[in-house]
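# Structural features, examined
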Amino acid sequence: MHYILEILPSLISGAGMTLQIFLWTLVGSLPLGLVLSLGLNSKFKPLKWLIDFYVWLMRGTPLLLQLIVVFYGLPLIGIVFERYEAALFAFILNYAAYFAEIFRGGLQSIDNGQYESARVLRLSYWQTIRKIVIPQVVKIVLPSVGNEVINLIKDSSLVYVIGLGDLLRAGNVATARDVTLVPLMLVGVIYLLLTAVTTFVLRRVEKHYSYWK
């Protein structure tokens with residue numbers, strides 16, 4: 001117990017970095033994914049093809065590779081990010097692609113009659129999207145979005161590859177220094193707690209929308 005209390009501050013500090021990556025990625029990727037999903041359903045073919053290519057590229061290559069390319073590869077062409085900004089940039093681009101596909105499926109599930117009804121009511125396209133379509137899409141895609149949110153908590157551990165002091169890196173440092181698996185076991189416990197809290201919040205959100213059944 002004395003050893004656990006000794007290493008706990010460094011693990012909590014690492015967990016703080018993990019939460020920052022998690023929260024800012026959600027803030028950036030969810031709205032970007034929604035905008036991209038509208039482009040995926042666009043009738044303007046060049047825009048649709050461009051976004052299709054972007055989604056294919058982001059979903060078809062590992063996030064770890066994307067992190068390495070952003071932090072180590074882009075400086076070769078003069079684009080330099082600090083470690084934290086590089087991590088956020090890569091995570092937001094990657095998860096926006098996944099959310100775009102999820103939202104695209106949700107948008108396509110909305111019956112065309114609702115768009116026609118909105119035109120009869122003289123609602124503009126953006127009013128239709130904001131007031132009629134998006135509230136329904138949110139309910140439809142919540143389970144899929146929830147899965148990606150849980151994955152994001154775990155994927156945040158990949159930032160160790162560019163030297164950020166996240167939770168897993170703090171555990172690895174303590175394990176290598178003290179030659180014991182206790183720090184990594186604590187890391188697992190903290191990840192379990194984070195996913196438990198997130199799952200609880202997501203279920204509360206789903207319950208909030210259940211009155212539409």
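For every chain, the first residue of its written sequence is number 1, and the numbers climb from 1 along that sequence. Local features in this predicted model are restricted to residues whose pLDDT is 70 or higher, and side-chain atom pairs enter the listing and the counts only when it is 80 or higher, whereas totals over whole chains, interfaces and linings include all residues. Hydrogens and water are ignored here; the side-chain numbers use all heavy atoms of the structure.

### Points about the overall build of the chain
Put simply, the rule is: Helix and strand assignments follow DSSP, with helices taken as H or I runs no shorter than four residues and strands as E runs no shorter than two, numbered in order from the N terminus. Each residue is placed in one exposure class: buried if its accessible area under a 1.4 Å probe, protein chains only, is under 20% of its type's maximum, exposed if it is over 50%, and partly exposed if it falls in between. By definition, residues are in contact when any of their heavy atoms lie within 4.5 Å. Positive charges are assigned to Lys and Arg, negative charges to Asp and Glu, while His and the chain termini are left out of the count. Where a charge sits is defined by one atom per residue type, namely NZ (Lys), CZ (Arg), CG (Asp) or CD (Glu).
Scanning the chain from N- to C-terminus turns up 8 helices and 0 strands. Sequence-ordered secondary structure for the chain, helices as α and strands as β, is α-α-α-α-α-α-α-α. In terms of principal-axis extent, the alpha carbons of the chain reach across some 70 × 50 × 20 Å. Relative to its full complement of 213 residues, the chain shows a buried share of 38%. Counted over contacts in the chain with a minimum sequence separation of 6, partners at least 24 positions apart contribute 76%. One way to put it: in the chain the 18 positive side-chain charges average out to a point 11 Å from where the 12 negative ones average out.

### A closer look at the UniProt feature "transmembrane region" (unreviewed entry) in the chain
In plain terms, the rule: UniProt positions are given in the numbering used here, feature names are shortened, and annotations may be inferred rather than shown by experiment.
Look at the UniProt record and you will see "transmembrane region" (unreviewed entry) annotated at residues 21–41, 53–74, 86–107 and 181–202. Helix makes up 86% of residues 53–74 and strand makes up 0%, while its end C-alpha atoms are separated by 20 Å. From the first C-alpha to the last, residues 86–107 spans 31 Å; its make-up is 100% helix and 0% strand.

### Observations concerning helix α7 (residues 167–178)
Our working rule: An expected span of 1.5 Å times one less than the residue number is assigned to each helix. This arc corresponds to the set of directions leading from the helix axis out to the C-beta atoms.
Its 12 residues place the ends of α7 17 Å apart at the C-alpha level, agreeing with the 16 Å of an ideal helix rising 1.5 Å per residue. Residues Leu167, Ala170, Gly171, Ala174 and Thr175 constitute the buried set of α7. Angularly, the buried residues of α7 cover 130 degrees about the axis, an arc narrow enough to put them on a single face. Pointing more than 90 degrees away from the buried face of α7 are the exposed residues Ala176 and Arg177. Residues of α7 that are buried in the fold lie against α1 (2–40) and α8 (182–208). After α7 finishes, the residue Val179 shows a positive phi value of roughly 50 degrees.

### Overview of the packing of α1 against helix α2 (residues 45–60)
To be explicit about the condition: To get an axis, a line is fitted to the C-alpha atoms, and for a helix only the part in contact is used. The angle between two axes follows their N-to-C directions and goes from 0 to 180 degrees. Angular relationships are summarised with four words: roughly parallel below 35 degrees, roughly antiparallel beyond 145, roughly perpendicular across 65 to 115, and oblique for the angles in between. By convention, the crossing between two helices is left-handed when the near helix turns anticlockwise from the far helix through less than a right angle, and right-handed when the turn is clockwise. Only Asp, Glu, Lys and Arg are considered charged in this grouping, and only Ala, Val, Leu, Ile, Met, Phe, Trp, Tyr, Cys and Pro are considered nonpolar; every other residue, Gly among them, is considered polar.
For the pair α1 and α2, interaxial distance at closest approach is 8 Å and the crossing angle is 130 degrees. As summarised for this structure, α1 and α2 are arranged oblique, according to the angle between their axes. Regarding α1 and α2, the two cross each other, and that crossing is left-handed. Here α1 contributes Leu36, Gly39 and Leu40 to the contact with α2, which in turn contributes Leu47, Lys48, Ile51, Asp52, Tyr54 and Val55. When the residues that make up the contact of α1 with α2 are grouped by side-chain class, the tally is 6 nonpolar, 1 polar and 2 charged.

### Some remarks on the packing of aromatic side chains
This is how it is decided: Pairing of aromatic side chains here covers Phe, Tyr and the six-membered ring of Trp, requires ring centres within 6.5 Å, and sorts the geometry by plane angle: under 30 degrees stacked, over 60 edge-to-face, intermediate tilted.
Tallying each qualifying case throughout the model produces 5 aromatic pairs. A ring pair is formed by Phe53 and Trp56, whose centres lie 5.6 Å apart and whose planes are at 45 degrees; its orientation type is tilted. Of this pair, Phe53 and Trp56 are both found in helix α2, 3 residues apart, which corresponds to roughly one turn of the helix. Ring plane angle 50 degrees and centroid distance 6.2 Å describe the contact between Tyr95 and Phe99, whose orientation is recorded as tilted. Of this pair, Tyr95 and Phe99 are both found in helix α4 (residues 83–108), 4 residues apart, which corresponds to roughly one turn of the helix. The burial state of Tyr95 is the same as that of Phe99; both residues are buried.

### So, the packing of α1 against α4
At a closest axis distance of 6 Å, the pairing of α1 and α4 adopts a crossing angle of 40 degrees. Here α4 runs oblique to α1, going by the angle between their axes. The two elements α1 and α4 cross, and the hand of that crossing is right-handed. In the contact of α1 with α4, the residues fall into 21 nonpolar, 6 polar and 2 charged.

### Quick notes on the side chain of Thr175
With respect to the helices and strands, Thr175 occurs in helix α7. The class of Thr175 is buried, set by a relative accessible area of 15%. Discounting chain neighbours no more than four positions away, the residues touching Thr175 are Thr180, Leu181, Pro183 and Leu184.

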